[in-house]
Amino acid sequence: LRVKNLLFLLLSLLFASIQVKAQAPTISSFSPLSAKPSDVVIITGSNFNTIASSNVVFFGATKATVTAATSTSLTVTVPSGATYAPLTVLNTATSL
């Protein structure tokens, strides 16, 4: 019985020390490479939220509308005022 209790305690401590860390969204590609306001762009990558509204996409400093999402793909509408600046993604559920 003591060995069982000790084993249980050791396993509990082991599992309690394991931490799962959220990963930041990563963009690997997007298509098309050039688009105008109101066009649809598909962003491919990883660690996207599967709930469209939980992803925030910026074309430069201008926020886009995310219309569909999977963990590896986002469908977005190019916003009016989009600039030739970095395309960025934020997963609001993880703040990354």
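The structure this text deals with has already been given above.
In this text, all values refer to a predicted model and were calculated from it rather than measured experimentally. (Residues numbered from 1 in each chain as written. Predicted model: local features only at pLDDT ≥ 70, side-chain atom pairs only at ≥ 80, totals over all residues. Heavy atoms only, no water.)

## So, the pattern of salt bridges
Pairing is possible between side chains that carry opposite charge, provided their charged atoms lie close to one another.
Working step 1: Counting across every chain of the model gives one salt bridge.
Working step 2: Taking the shortest distance from any N to any O, the salt bridge between Lys36 and Asp39 comes out at 3.2 Å. (Salt bridge = Lys/Arg side-chain N within 4 Å of Asp/Glu carboxyl O.)

## Describing the layout of surface pockets
Working step 1: In this model, the largest pocket occupies a volume close to 290 Å³.
Working step 2: Every residue lining the largest pocket is counted, 16 residues in all, and those nearest its centre are Leu33, Ala35, Phe59, Thr83 and Tyr84.
Working step 3: Of the residues contributing to the lining of the largest pocket, the split by class is 13 nonpolar, two polar and one charged. (1 Å grid on protein atoms, 1.4 Å probe; cavity = no way out; pocket = protein on both sides within 12 Å on 5 of 7 lines; lining within 4 Å. Points joined across faces, edges and corners; volume = space filled by probe spheres on them. Nonpolar A, V, L, I, M, F, W, Y, C, P; charged D, E, K, R; others polar.)

## Notes on the nonpolar core
Working step 1: One finds Ile43, Val57, Phe59, Leu74 and Val76 to be the most contacted residues of the largest nonpolar core, which totals 14 residues.
Working step 2: Going through the elements one at a time, strand 2 (40–46), strand 3 (55–59), strand 5 (65–69), strand 6 (73–77) and strand 7 (87–91) are the ones with two or more residues in this core.
Working step 3: If sequence neighbours within four positions are ignored, Ile43 has contacts with Ile27, Ser29, Phe30, Phe48, Val57, Thr72, Ser73, Leu74, Val76, Leu87 and Val89. (Core = buried A, V, L, I, M, F, W, Y, C linked by side-chain atoms within 4.5 Å. Buried < 20%, exposed > 50% of the residue type's maximum accessible area, 1.4 Å probe, protein only. Helix = DSSP H or I, 4+ residues; strand = E, 2+ residues; numbered from the N terminus. Contact = heavy atoms within 4.5 Å.)

## Some words on the pairing of strand 3
On any regular strand, side chains alternate: one points to one face of the sheet, the next to the other face.
Working step 1: Along strand 3, four of the five residues are buried, which leaves the element largely enclosed by surrounding structure.
Working step 2: By the bridge criterion, five bridges tie strand 3 to strand 7 in an arrangement that is antiparallel. In the strand pairing of strand 7, Asn55 is matched with Asn91.
Working step 3: In the sheet, strand 3 pairs with strand 4 (residues 62–63) via two bridges, with the strands oriented antiparallel. Within strand 4, the position partnered with Phe59 by the bridge is Thr62.
Working step 4: Taking the residues that link successive antiparallel strands as the turn, the strand 3-strand 4 hairpin has two residues, and the phi of Gly60 there is positive, at about 65°. (Pairing = 2+ DSSP bridges.)

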